[in-house]
Amino acid sequence: MNKSLLAGVGIGIAAASGIAAVAGLDVFSSSPKYAQVVAASPINETIKTPRQECRTVSVTHRRPVQDENKIAGSVLGAVAGGVLGHQFGGGRGRDVATVAGALAGGYAGNQVQGNLQDRDTYTTNRQRCQTVYDKSQKLLGYDVTYKIGDQQGKIRMDHDPGTKIPLDRNGQLVLNDQA
(Lines give C-alpha, C1' and ligand atoms only; values in the text may rest on other atoms or scores of the structure.)
Protein backbone atom coordinates (compact mmCIF):
# COMPACT_ATOMS: atom_id res chain seq x y z
CA MET A 1 0.00 0.00 0.00
CA ASN A 2 0.90 3.52 -0.53
CA LYS A 3 2.57 5.26 2.40
CA SER A 4 0.84 8.52 1.73
CA LEU A 5 -2.52 6.76 1.70
CA LEU A 6 -1.78 5.21 5.07
CA ALA A 7 -0.61 8.55 6.42
CA GLY A 8 -3.77 10.22 5.13
CA VAL A 9 -6.01 7.59 6.72
CA GLY A 10 -4.11 7.94 10.02
CA ILE A 11 -4.40 11.71 9.97
CA GLY A 12 -8.09 11.44 9.10
CA ILE A 13 -8.76 9.07 12.01
CA ALA A 14 -6.84 11.34 14.39
CA ALA A 15 -8.76 14.41 13.16
CA ALA A 16 -12.10 12.62 13.50
CA SER A 17 -11.23 11.49 17.01
CA GLY A 18 -10.25 15.04 17.97
CA ILE A 19 -13.47 16.50 16.57
CA ALA A 20 -15.51 13.83 18.39
CA ALA A 21 -13.71 14.59 21.65
CA VAL A 22 -14.32 18.34 21.28
CA ALA A 23 -17.98 17.70 20.46
CA GLY A 24 -18.27 15.47 23.54
CA LEU A 25 -16.90 18.26 25.73
CA ASP A 26 -19.69 20.52 24.56
CA VAL A 27 -17.18 23.35 24.10
CA PHE A 28 -19.40 25.18 21.66
CA SER A 29 -22.51 25.00 23.86
CA SER A 30 -23.50 28.28 25.51
CA SER A 31 -25.69 26.67 28.21
CA PRO A 32 -24.33 26.98 31.78
CA LYS A 33 -22.73 24.01 33.52
CA TYR A 34 -23.65 25.11 37.05
CA ALA A 35 -26.50 26.82 38.86
CA GLN A 36 -25.29 29.69 41.01
CA VAL A 37 -26.38 29.38 44.67
CA VAL A 38 -27.88 32.69 45.80
CA ALA A 39 -28.74 31.61 49.38
CA ALA A 40 -28.71 28.45 51.50
CA SER A 41 -30.64 28.64 54.79
CA PRO A 42 -30.37 25.79 57.30
CA ILE A 43 -33.68 24.27 58.46
CA ASN A 44 -33.50 23.13 62.09
CA GLU A 45 -35.99 21.31 64.26
CA THR A 46 -36.03 21.85 68.02
CA ILE A 47 -36.27 18.56 69.86
CA LYS A 48 -37.49 18.55 73.47
CA THR A 49 -36.43 15.53 75.49
CA PRO A 50 -38.26 15.13 78.83
CA ARG A 51 -36.50 14.01 82.00
CA GLN A 52 -37.30 13.94 85.70
CA GLU A 53 -35.45 16.35 87.96
CA CYS A 54 -35.82 15.60 91.68
CA ARG A 55 -34.64 17.40 94.81
CA THR A 56 -35.07 16.93 98.53
CA VAL A 57 -36.92 19.70 100.37
CA SER A 58 -37.62 20.25 104.06
CA VAL A 59 -41.30 20.44 104.93
CA THR A 60 -42.44 21.88 108.28
CA HIS A 61 -45.60 20.38 109.81
CA ARG A 62 -47.69 21.59 112.74
CA ARG A 63 -48.33 18.89 115.27
CA PRO A 64 -51.99 17.98 115.68
CA VAL A 65 -53.70 19.68 118.60
CA GLN A 66 -56.48 18.37 120.82
CA ASP A 67 -57.88 21.81 121.64
CA GLU A 68 -58.21 23.55 118.26
CA ASN A 69 -60.47 26.31 119.73
CA LYS A 70 -57.95 27.06 122.51
CA ILE A 71 -60.58 26.69 125.23
CA ALA A 72 -58.11 25.55 127.92
CA GLY A 73 -55.92 28.62 127.42
CA SER A 74 -58.95 30.91 127.48
CA VAL A 75 -60.33 29.37 130.69
CA LEU A 76 -56.98 29.36 132.50
CA GLY A 77 -56.32 32.93 131.40
CA ALA A 78 -59.80 34.06 132.50
CA VAL A 79 -59.36 32.48 135.94
CA ALA A 80 -55.91 34.04 136.40
CA GLY A 81 -57.16 37.42 135.14
CA GLY A 82 -60.22 37.29 137.40
CA VAL A 83 -58.11 36.48 140.45
CA LEU A 84 -55.71 39.29 139.59
CA GLY A 85 -58.53 41.78 138.90
CA HIS A 86 -60.21 40.89 142.17
CA GLN A 87 -57.17 42.30 143.98
CA PHE A 88 -58.04 45.83 142.91
CA GLY A 89 -60.81 48.16 144.04
CA GLY A 90 -63.48 47.64 146.59
CA GLY A 91 -67.22 46.97 146.53
CA ARG A 92 -68.74 47.44 143.10
CA GLY A 93 -65.32 48.48 141.65
CA ARG A 94 -63.89 45.18 142.74
CA ASP A 95 -66.61 43.32 140.79
CA VAL A 96 -65.90 45.39 137.66
CA ALA A 97 -62.13 44.84 138.04
CA THR A 98 -62.71 41.06 138.44
CA VAL A 99 -64.83 40.88 135.25
CA ALA A 100 -62.38 43.07 133.30
CA GLY A 101 -59.45 40.94 134.52
CA ALA A 102 -61.29 37.73 133.55
CA LEU A 103 -62.00 39.06 130.03
CA ALA A 104 -58.43 40.30 129.51
CA GLY A 105 -56.97 37.10 130.97
CA GLY A 106 -59.23 34.93 128.78
CA TYR A 107 -58.11 36.77 125.65
CA ALA A 108 -54.43 36.63 126.67
CA GLY A 109 -54.67 32.90 127.51
CA ASN A 110 -56.29 32.21 124.13
CA GLN A 111 -53.46 34.03 122.31
CA VAL A 112 -50.70 32.35 124.35
CA GLN A 113 -52.13 28.88 123.67
CA GLY A 114 -52.45 29.71 119.92
CA ASN A 115 -48.80 30.80 119.72
CA LEU A 116 -47.65 27.67 121.53
CA GLN A 117 -49.68 25.45 119.21
CA ASP A 118 -48.39 27.24 116.08
CA ARG A 119 -44.76 26.79 117.19
CA ASP A 120 -45.21 23.11 118.05
CA THR A 121 -43.82 21.84 114.72
CA TYR A 122 -41.62 19.14 113.27
CA THR A 123 -39.70 18.90 110.00
CA THR A 124 -39.53 16.08 107.46
CA ASN A 125 -37.65 15.71 104.20
CA ARG A 126 -39.63 14.99 101.06
CA GLN A 127 -38.57 14.40 97.51
CA ARG A 128 -40.16 16.77 94.97
CA CYS A 129 -39.89 15.89 91.29
CA GLN A 130 -40.81 17.76 88.16
CA THR A 131 -40.48 17.15 84.46
CA VAL A 132 -37.97 19.38 82.67
CA TYR A 133 -37.16 19.42 78.97
CA ASP A 134 -33.69 19.40 77.44
CA LYS A 135 -33.68 21.16 74.07
CA SER A 136 -31.48 20.23 71.14
CA GLN A 137 -31.36 21.13 67.46
CA LYS A 138 -31.58 18.66 64.59
CA LEU A 139 -30.58 19.79 61.09
CA LEU A 140 -33.30 18.78 58.62
CA GLY A 141 -31.71 20.26 55.50
CA TYR A 142 -31.23 23.52 53.63
CA ASP A 143 -33.63 25.73 51.70
CA VAL A 144 -31.53 26.69 48.67
CA THR A 145 -32.24 29.55 46.29
CA TYR A 146 -30.37 29.17 43.01
CA LYS A 147 -30.09 30.93 39.69
CA ILE A 148 -29.61 29.44 36.21
CA GLY A 149 -29.07 32.33 33.82
CA ASP A 150 -31.97 34.72 34.49
CA GLN A 151 -34.20 32.02 36.02
CA GLN A 152 -34.37 31.72 39.81
CA GLY A 153 -35.62 28.68 41.71
CA LYS A 154 -35.84 27.14 45.18
CA ILE A 155 -35.22 23.62 46.38
CA ARG A 156 -34.69 21.81 49.71
CA MET A 157 -31.46 19.83 49.93
CA ASP A 158 -30.10 17.53 52.63
CA HIS A 159 -26.67 19.20 52.58
CA ASP A 160 -25.19 22.66 52.03
CA PRO A 161 -24.41 22.83 48.28
CA GLY A 162 -21.74 25.50 48.56
CA THR A 163 -21.61 28.21 45.86
CA LYS A 164 -22.82 26.20 42.87
CA ILE A 165 -24.88 23.16 41.91
CA PRO A 166 -23.88 21.12 38.82
CA LEU A 167 -26.30 20.80 35.89
CA ASP A 168 -26.75 17.81 33.62
CA ARG A 169 -26.76 18.06 29.81
CA ASN A 170 -30.45 18.96 29.83
CA GLY A 171 -29.88 21.92 32.17
CA GLN A 172 -31.42 20.11 35.19
CA LEU A 173 -29.91 20.24 38.69
CA VAL A 174 -27.75 17.26 39.64
CA LEU A 175 -28.79 16.72 43.26
CA ASN A 176 -26.87 13.57 44.09
CA ASP A 177 -23.09 13.48 44.52
CA GLN A 178 -22.58 11.74 41.19
CA ALA A 179 -22.20 14.28 38.38
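Details of the structure are given in the entry above.
The structure presented is a predicted model; accordingly, all values stated were derived computationally and were not measured.

Trainee: Would you mind going over a nonpolar patch on the surface with me for this structure?
Mentor: Together, Ile71, Val75, Val79 and Val83 make up a nonpolar patch on the protein surface, roughly 360 Å² of accessible area in all. Position of Ile71 among the secondary structure elements: in helix 2 (residues 71-85). Ile71 gets classed as exposed once you look at its relative accessible area, which sits at 51%.

Trainee: Any chance you could explain the nonpolar core here in plain terms?
Mentor: Note on soluble globular proteins: their nonpolar side chains tend to be buried together. With 9 residues, the main nonpolar core is built from Ala35, Val37, Tyr142, Val144, Tyr146, Met157, Ile165, Leu167 and Leu173. Elements that contribute at least two residues to this core include exactly strand 1 (34-62) and strand 2 (121-148). Top element by residues in this core is strand 2. It accounts for 3 residues. Every residue in contact with Tyr142, bar those within four places of it in the chain, is listed here: Ala40, Ser41, Pro42, Ile43, Ile155, Arg156, Met157, His159 and Asp160.

Trainee: Would you take a moment to explain the environment of Ser136 for this structure?
Mentor: As for its placement among the helices and strands, Ser136 is situated in strand 2. Residues Ser136 and Thr49 lie 87 residues apart in sequence; the distance between their C-alpha atoms is 8.1 Å. The residues contacting Ser136, other than those within four sequence positions of it, are Glu45, Thr46 and Ile47.

About the cut-offs
- Residues numbered from 1 in each chain as written.
- Predicted model: local features only at pLDDT ≥ 70, side-chain atom pairs only at ≥ 80, totals over all residues.
- Heavy atoms only, no water.
- Patch = residues over 30% accessible without salt bridge, like charges linked within 9 Å, V, L, I, M, F, W, Y side chains within 5 Å.
- Areas by Shrake-Rupley, 256 points an atom, 1.4 Å probe, with all protein chains shown as cover.
- Salt bridge = Lys/Arg side-chain N within 4 Å of Asp/Glu carboxyl O.
- Helix = DSSP H or I, 4+ residues; strand = E, 2+ residues; numbered from the N terminus.
- Buried < 20%, exposed > 50% of the residue type's maximum accessible area, 1.4 Å probe, protein only.
- Core = buried A, V, L, I, M, F, W, Y, C linked by side-chain atoms within 4.5 Å.
- Contact = heavy atoms within 4.5 Å.

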